[in-house]
Amino acid sequence: MTVKLVLIGLFTGICNGLFGSGGGTILVPGMVFVMGLKEHKAHATAIMVILPLTILSTIVYYRSSYIDWPTTLRVVSGGIAGSLIGAKLLNRIPASVLRKAFGIFMIITAVRMVF
Amino acid sequence: MGIGGGVLLIPALIIFAGSRQHIAQSINLISFIPVAAVALIIHYRKNNLHTGYSPVLIIAGLAGALIGSVFAVRLPSDILSKLFGIFLFFMGTVEIFCKKEPE
């Protein structure tokens, strides 16, 4: 069990640091399958685990001057407003439709970024 | 709906705001911090946090985060961009084909 936890933690951290995102995508299923946590508890616990990792990664990016404060501030304020609107709007669209739409968007973007 | 904001925010910043890969990633990291802090307080009050395995996950995760981010800041922007694209492709595929709706 401990070995699996270390591997999940390590892999989550590496993705979170390397790509600046995606930690939860690995950690949540990891906790559901390996630890047998319920999905909503796994989501909540994942935030607790990823928050310190994000702070550490941010420090490394900061020390390499990879920070754009004006854009970051705009994104944070827009993000808070967006999440309030999104929480109300998204409930009207079926989750399965949203998932497929996001998935297609991600794949198209991925192809554009690689080639 | 539990989809990571970063996989949408990072490409959007690059395409629409012209941010470089590293900058887009740091913006996503930083903007996660206040949102996560608020969410954490709410989850703590609702008693949703599972603390048993968390210390091991956090310690291993911190080691991984250090490896990943030190590696990232040393990579050239175009290489990191391509790696991110491959990562995004897998995430998108999982989103379409593997996720099941909760009953």
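Residues numbered from 1 in each chain as written. Chains lettered and ligands numbered in written order. Predicted model: local features only at pLDDT ≥ 70, side-chain atom pairs only at ≥ 80, totals over all residues.

Let us look at the interface of chain A and chain B. Where interface size is quoted, it is often the accessible area lost as the parts come together. Tallying the contact residues gives 64 residues for chain A and 67 residues for chain B. For the side of chain A that touches chain B, the element with the highest residue contribution is helix H3 (residues 39-63) of chain A, accounting for 19 residues. Within the side of chain A that touches chain B, the residues separate by chemical class into 35 nonpolar, 24 polar and five charged. (Contact = placed C-beta atoms within 7 Å. Helix = DSSP H or I, 4+ residues; strand = E, 2+ residues; numbered from the N terminus. Nonpolar A, V, L, I, M, F, W, Y, C, P; charged D, E, K, R; others polar.)

Quick look at the nonpolar core now. With 52 residues, the main nonpolar core has Leu27, Ala46 and Val49 of chain A together with Ile10, Leu57, Phe84 and Leu88 of chain B as its most contacted residues. For this core, the secondary structure elements donating two or more residues are helix H1 (2-19), helix H2 (23-34), H3 and helix H5 (95-114) of chain A together with helix H1 (6-16), helix H2 (21-45), helix H3 (54-74) and helix H4 (77-97) of chain B. In terms of residue count, H3 of chain A provides more of this core than any other element does, 11 residues in total. A domain-level breakdown of this core finds at least three residues from each of domain 1 (1-67) and domain 2 (68-115) of chain A. The residues contacting alanine 46 of chain A, other than those within four sequence positions of it, are Gly24, Leu27, Val28 and Met31 of chain A. (Core = buried A, V, L, I, M, F, W, Y, C linked by C-beta atoms within 7 Å. Buried ≥ 20, exposed ≤ 12 C-beta atoms within 10 Å, placed from the backbone. Domains from an automatic or database assignment.)

In this model H5 of chain A runs 28 Å from its N-terminal to its C-terminal C-alpha over 20 residues, within 8% of the 28 Å that 1.5 Å per residue would give. Three or more residues of H5 of chain A are buried, namely Arg99, Gly103, Met106, Thr109, Ala110 and Met113 of chain A. Projection of H5 of chain A onto a plane perpendicular to its axis shows the buried side chains occupying an angular sector of 135°, all on one side. Buried residues along H5 of chain A sit in contact with H1 and H4 of chain B. (Expected span 1.5 Å × (residues − 1). Arc of directions from axis to C-beta.)

Another aspect to go through is the packing of H1 of chain B against H2 of chain B. All names here are of chain B. Packing of H1 against H2 brings their axes to within 9 Å, and their N-to-C directions diverge by 140°. If you check the angle between H1 and H2, you find them oblique. Crossing of H1 over H2 shows right-handed handedness. Contacts from Gly6, Leu9, Ile10, Leu13 and Ile14 of H1 reach H2 at Gln21, Ala24, Gln25, Ile27 and Asn28. Its residues placed into classes, the contact of H1 with H2 shows six nonpolar, four polar and no charged. (Axes fitted to C-alpha atoms, helices over the stretch in contact; angles between N-to-C directions. Parallel < 35°, antiparallel > 145°, perpendicular 65-115°, else oblique. Left-handed = near helix turned anticlockwise from the far one by under 90°.)

For the rest of this paragraph, the subject is the confidence of the model for chain A. Low-pLDDT portions of the prediction should not be read for the details of their coordinates. When the pLDDT values of chain A are averaged, the result is 85; 94% of them are 70 or greater. For chain A, H5 of chain A is the element with the lowest average pLDDT, namely 77, and H1 of chain A is the one with the highest, namely 94. (pLDDT = per-residue confidence, 0-100.)

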